[in-house]
Amino acid sequence: MVSYSSECLALTHEAAIDLAIRMARTVVGRTSPNPPVGAVVVRDGHVIGVGATQPPGGPHAEVTALREAAGGGRGATLYSTLEPCTFHARTPPCTTAIIEAGISKVIYVARDNDPRIGRGAEQILREAGIEVRRLNDPDGQVAGILAPFRCRVALGRPLVTAKYAMTLDGRIAAAGGDSRWVSGVDARRRVHQLRDEVDAILIGVGTLLGDDPELTTRLEDHWRPVHHPLRVLVDSRGRAPLTARLFDQQLPGETLVATVDADQRWLNGLRERGVVVEQIPADGEGRVDLAVLLNFLAGRGVNHLLVEGGSEMLGAFNDRGLIDQIQAFVAPKLVGGAGALGPVGGGGVSLMANAQRFDLQKVERYGEDLLLVATATGQPWWSTSEDGEKANVHRNC
């Protein structure tokens, strides 16, 4: 749980927003289809309430923070990482709760791109006599947290993160197919942390046949209860054996198989094992139409999809322009061999000038391995500052 000191945090807008961001991070991967949001209530120079979005059906961050403030919101300032909601869905509008609590000022970072927001929170709150300000996104942190939600709302599909581990010469396996292990222990632990933060994880049947993975999240002594994302297998023709570990009924979480035209006995066998089966229309090559599958997953409340490969599946996503983020682990090894696979197969492009562009966001080190994180160029959900106000921050603390 996030700790805070009320002696200093409330004295700068920057510090209060930083606390709200830290609150939002505590619920990443736990709120979909809602966005992970953090909120802070400040009065008379002290933090009197903090909150984060609760699981679907539970209160939003602003309401959670107001409840912790225990009736002390009158005349206080509420900080939020996202514009308060204005509509009644599973829960009443946050703007109503803010007005009823007697809040005098609302300061937030990102505008909500949900079309249900209507005329927006600012107009509603100002009409109620509440001062409203918007601050810039510190270092793009809020944009990164909200990107999966904003992508789903804008495009009707989850944000897609492609994850792979490769050697210095760009190989994900030796020529004979062996891939254990490309990266080291620290990098593999980071992968499980990533699984803990996403809503679903996807592989193709080739990866299942080669590796027989469980796709569970394995983290010891984690700071919060471990989350097992929805496991999605793309198997257009029903090639996966029913004995695969992915279909083990003892696995925590849920498994979904997307197929086109599989044997009925195979489908029945999956369902008997508790596997969700969804028959998806075929694309031009007779395989699962990935765009339709993504729309289906969005309808199930998936904001963030992690694609772990292999090369053929990542190539299919790339060929269709469906990769929004790349998390690539690079191990200091050389494999060589003309037959050794690279991370992204498929048809690719014939000219370098036609390659999809990505912006390198950060480089991290895990043991001997590097993690490169890059986001697709030009996608608006990676920034909240395009129409934001300039922050007016005074460091009084």
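Keep in mind the model is a prediction, meaning the values are calculated, not measured.

Looking now at the pattern of salt bridges. One pass over the structure, following the stated rule, counts 19 salt bridges. Arg-111 is the salt-bridge partner of Glu-122, the closest N and O atoms lying 3.7 Å from each other. Here Glu-122 is found in helix H4 (residues 121-127), whereas its partner Arg-111 is found in the loop between strand S4 (105-110) and H4, with eleven residues between them in sequence. As a salt-bridge pair, Asp-196 and Arg-224 come within 3.1 Å of each other at their nearest N and O atoms. Here Arg-224 lies in the loop between helix H7 (205-211) and strand S8 (230-234) and Asp-196 lies in the loop between helix H6 (185-195) and strand S7 (200-204), a separation of 28 residues in the sequence. You can call Asp-196 buried: its relative accessible area is 1%. A residue is classified by how much of its surface remains accessible, and Arg-224, at 10% relative accessible area, is buried. Residues joined in a network through salt bridges with shared partners are Arg-30, Asp-196 and Arg-224.

Membership of the largest hydrophobic core comes to 40 residues, with the highest contact counts inside it found for Val-40, Val-41, Ile-98 and Ile-103. Contributing elements (two or more residues each) for this core: helix H1 (13-25), strand S1 (38-43), strand S2 (46-52), helix H2 (61-69), strand S3 (77-82), S4, H4 and helix H5 (141-155). The greatest single-element share of this core, amounting to seven residues, is contributed by H1. Contacts of Ile-103, omitting those with residues within four sequence positions, involve Val-41, Leu-66, Gly-73, Ala-76, Leu-78, Ile-98 and Ile-130. If you look at the next biggest cluster of nonpolar residues, it comprises 31 residues, including Ala-200, Val-260, Leu-294 and Phe-317.

A few words on helix H3 (residues 94-101). Residues that lie three or four places apart on an α-helix share one face, since the helix turns once every 3.6 residues. When we look at burial in H3, the residues that qualify are Cys-94, Thr-95 and Ile-98. Buried residues of H3, viewed axially, fall in a sector of 100 degrees; they line one side. Contact partners of the buried residues in H3: H2, S3, S4 and H4. Backbone geometry just after H3 places Gly-102 at a positive phi near 80 degrees.

Here Val-276 shows up in strand S10 (residues 276-279). Here the alpha-carbon distance between Val-276 and Glu-197, two residues 79 residues apart in the chain, equals 22 Å. If sequence neighbours within four positions are ignored, Val-276 has contacts with Glu-254, Thr-255, Leu-256, Val-257 and Arg-300.

Following both chains from N to C, one finds H2 and H3 inclined at 25 degrees, their axes separated by 9 Å at the closest point. Classified by the interaxial angle, the pair formed by H2 and H3 is roughly parallel. Handedness of the crossing formed by H2 with H3: left-handed. Contact residues: H2 offers Glu-62, Val-63 and Leu-66, while H3 offers Cys-94, Ala-97, Ile-98 and Ala-101. Within the contact of H2 with H3, the residues separate by chemical class into six nonpolar, no polar and one charged.

With that settled, the discussion passes to the sheet that holds S10. Backbone-to-backbone hydrogen bonds pair the strands of a sheet. The strands run either parallel or antiparallel. With mixed pairing, the nine strands of this open sheet are ordered in space as S10-S9-S8-S7-S11-S6-S12-S14-S13. Edge strands, defined here as strands with exactly one partner in the open sheet, are S10 and strand S13 (358-366). Neighbour to neighbour, the strand axes of the sheet diverge by 20 degrees on average, direction disregarded. As defined by bridge partners, S13 adjoins strand S14 (residues 369-376) across eight bridges and the pair is classed as antiparallel. Pairing of Glu-364 across the sheet is with Leu-371, part of S14.

Read across the open sheet, the five strands follow the order S2-S1-S3-S4-S5; overall the sheet is mixed. In this open sheet, the two edge strands, each paired with only one partner strand, are S2 and strand S5 (131-134). Between one strand axis and the next, the sheet turns by 15 degrees as a mean value, whatever way the strands run. Note: S4 against S5, four bridges, orientation parallel. Bridge assignment links Val-106 to a residue of S5, and that residue is Val-132. This element, H2, spans S1, S2 and S3 of the sheet and lies at about 140 degrees to S2.

Let us look at the confidence of the model for the chain. Mean pLDDT over the chain works out to 91, with 94% of the residues at or above the 70 mark. Low confidence marks residues 386-397, where pLDDT is under 50. Its contacts with residues over four positions away, or in another chain, come to 26 contacts.

Rules and cut-offs
- Residues numbered from 1 in each chain as written.
- Predicted model: local features only at pLDDT ≥ 70, side-chain atom pairs only at ≥ 80, totals over all residues.
- Heavy atoms only, no water.
- Salt bridge = Lys/Arg side-chain N within 4 Å of Asp/Glu carboxyl O.
- Helix = DSSP H or I, 4+ residues; strand = E, 2+ residues; numbered from the N terminus.
- Buried < 20%, exposed > 50% of the residue type's maximum accessible area, 1.4 Å probe, protein only.
- Core = buried A, V, L, I, M, F, W, Y, C linked by side-chain atoms within 4.5 Å.
- Contact = heavy atoms within 4.5 Å.
- Arc of directions from axis to C-beta.
- Axes fitted to C-alpha atoms, helices over the stretch in contact; angles between N-to-C directions.
- Parallel < 35°, antiparallel > 145°, perpendicular 65-115°, else oblique.
- Left-handed = near helix turned anticlockwise from the far one by under 90°.
- Nonpolar A, V, L, I, M, F, W, Y, C, P; charged D, E, K, R; others polar.
- Pairing = 2+ DSSP bridges.
- pLDDT = per-residue confidence, 0-100.

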